[in-house]
Amino acid sequence: MRKQIVVANWKMNNSPTQSSQLCSLILSKMRPTDKEVIIAPSYLYLNSVVATTQNSIIKVAAQNCHQEISGAYTGEVSASMLADLGLDYVILGHSERRYYYGEDNSLLAKKVSSALSQGLKVIYCCGETLDQRISGAHLDRITKQLTEGLFHLPAKAMKNIVIGYEPIWAVGTGITATSAQAQEMHAHIRSALSDKYGADVAHDTSILYGGSCTPSNAKELFAQKDVDGGLIGGASLNADDFLAIVNA
Ligand code: 13P
């Protein structure tokens, strides 16, 4: 049975103090939930978030990793380093990584394999631009991102994969996909999973929506049949807003 998951992607935000305060606040205000709640802070704050959330139901994710396990890659962080910190997840293929750092599907395929080889679970993001949506190319765009970045994996690896659908035109813009648009794409992703890996894998894989998700629209988005939770950016920087989304 697939899990419902809500991820706080803090991106490059928060000071050390704000980070630890926000994490403690989320922990102290969180009601018991059967959903998986994940916090993805900057690399610098991973240690402290791992320590604060130890013995809690909150899991911790990194926002990226390098594709190699070690070596002369100045400034980079490997999946094995992240696994050593006790992390559960790494986010890969976020549209900001694809756009600002030129990460393409073939590089992401390597990162995905590297992360899984170190025992991390992967939140693999995909999404289309507004132009691609307007021209009707959005479904094919997502299929390509899945095929080239993820579908090299064997079926048994898919239990460690969560898919994040983040329409680029909705990320950080205040514009949210309608629940119908989100459902259409999530159903499309599930059908691509089914074509590749069969109905059981498709049924058991969590597919999260991201893109200007807020306390006021989360309930309707999460009520869609194929939406299993959310990847939250801006609204995850406020404990009350984030928890309202978790409770939605
Ligand atoms: P916003 O919620 O700020 O649109 O960001 C979404 C996102 O990128 C989460 O990974």
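Quick summary incoming for the structure in this document. Keep in mind that this is a model prediction, so the values were computed, not measured. (Residues numbered from 1 in each chain as written. Predicted model: local features only at pLDDT ≥ 70, side-chain atom pairs only at ≥ 80, totals over all residues. Heavy atoms only, no water.)

### Let's talk about the site of the ligand
Around the ligand, the structure places N9, K11, H94, E166, A170, V171, G172, G211, S212, L231, G233 and G234. S212 is positioned such that a nitrogen or oxygen atom in its backbone is 2.7 Å from an oxygen atom of the ligand. Within the backbone of G234, a nitrogen or oxygen atom sits 2.8 Å from an oxygen atom of the ligand. Protein coverage of the free-state accessible area of the ligand, which is 310 Å², stands at 95%. Tallied by class, the residues present in the shell around the ligand amount to three nonpolar, seven polar and two charged. (Near = heavy atom within 4 Å. Polar contact = N/O pair within 3.5 Å; in protein donor to acceptor, adjacent residues only side chain to side chain. Areas by Shrake-Rupley, 256 points an atom, 1.4 Å probe, with all protein chains shown as cover. Nonpolar A, V, L, I, M, F, W, Y, C, P; charged D, E, K, R; others polar.)

### A word on the packing of helix 1 (residues 16-29) against helix 11 (residues 239-247)
Where helix 1 meets helix 11, the axes come as close as 9 Å, and the angle between the chain directions of the two elements is 45 degrees. Between helix 1 and helix 11, the angle is such that the two are oblique. Our pair here, helix 1 against helix 11, has a crossing hand that is right-handed. Only A239, D240, F242 and L243 of helix 11 make contact with helix 1, whose side of the interface consists of L22, L25, I26 and K29. Considering only residue class, the contact of helix 1 with helix 11 consists of six nonpolar, no polar and two charged. (Axes fitted to C-alpha atoms, helices over the stretch in contact; angles between N-to-C directions. Helix = DSSP H or I, 4+ residues; strand = E, 2+ residues; numbered from the N terminus. Parallel < 35°, antiparallel > 145°, perpendicular 65-115°, else oblique. Left-handed = near helix turned anticlockwise from the far one by under 90°. Contact = heavy atoms within 4.5 Å.)

### Notes on empty space enclosed by the protein
Applying the stated rule across the entire model yields one cavity of 30 Å³ or more. The volume enclosed by the largest cavity comes to roughly 30 Å³. Forming the boundary of the largest cavity are G93, H94, S95, R98, C125, C126, G127, E166 and I168. When its residues are assigned to classes, the lining of the largest cavity shows three nonpolar, four polar and two charged. (1 Å grid on protein atoms, 1.4 Å probe; cavity = no way out; pocket = protein on both sides within 12 Å on 5 of 7 lines; lining within 4 Å. Points joined across faces, edges and corners; volume = space filled by probe spheres on them.)

### A look at the layout of surface pockets
Summary: where empty space remains is shown by rolling a probe the size of a single water molecule over the atoms. In this model, the largest pocket occupies a volume close to 470 Å³. If you trace the largest pocket, you find 13 residues lining it, with K11, M12, Q63, R97 and Y101 closest to the centre. Broken down by element, the lining of the largest pocket gets its largest block of residues, three residues, from helix 4 (residues 95-100). The residue inventory of the lining of the largest pocket, partitioned by class, reads five nonpolar, five polar and three charged.

### Side note on the pattern of salt bridges
This model, assessed by the stated rule, comprises 11 salt bridges. A salt bridge links R190 to D226; the nearest nitrogen and oxygen atoms lie 2.5 Å apart. Taken together, the residues span a long stretch of sequence, with R190 in helix 8 (residues 179-197) and D226 in the loop between helix 10 (218-222) and strand 8 (229-232) at a distance of 36 residues. Residues participating in the shared-partner salt-bridge network are R2, R190, K225, D226 and D228. (Salt bridge = Lys/Arg side-chain N within 4 Å of Asp/Glu carboxyl O.)

### Things to note about a nonpolar patch on the surface
Taken together, Y99, Y100 and Y101 make up a surface patch of nonpolar side chains, about 470 Å² in accessible area. Structurally, Y100 can be placed in helix 4. Relative accessible area serves as the criterion here: at 57%, Y100 is assigned to the exposed category. (Patch = residues over 30% accessible without salt bridge, like charges linked within 9 Å, V, L, I, M, F, W, Y side chains within 5 Å. Buried < 20%, exposed > 50% of the residue type's maximum accessible area, 1.4 Å probe, protein only.)

### Re the environment of I245
Checked against the element boundaries, I245 lands in helix 11. Given the relative accessible area of 0%, I245 is considered buried. The spatial distance from the C-alpha of I245 to the C-alpha of K219 is 7.6 Å, given a sequence separation of 26 residues. Not counting the four nearest positions on each side in its chain, I245 is found in contact with V6, C213, T214, P215, A218, F222, I232 and A235.

### Observations regarding helix 5 (residues 105-117)
In a regular helix each residue adds 1.5 Å, so 13 residues correspond to 18 Å; helix 5 covers 18 Å between its end C-alpha atoms and thus fits that length. Along helix 5, the positions that sit buried rather than exposed are N105, L108, A109, K111, V112, S114, A115 and L116. Structurally, helix 5 contributes buried residues whose contacts are with helix 3 (79-84), strand 4 (89-92), helix 4, strand 5 (121-126), helix 7 (138-149) and strand 6 (161-165). Positive phi appears at G119, one or two residues downstream of helix 5, with a value of about 85 degrees. (Expected span 1.5 Å × (residues − 1).)

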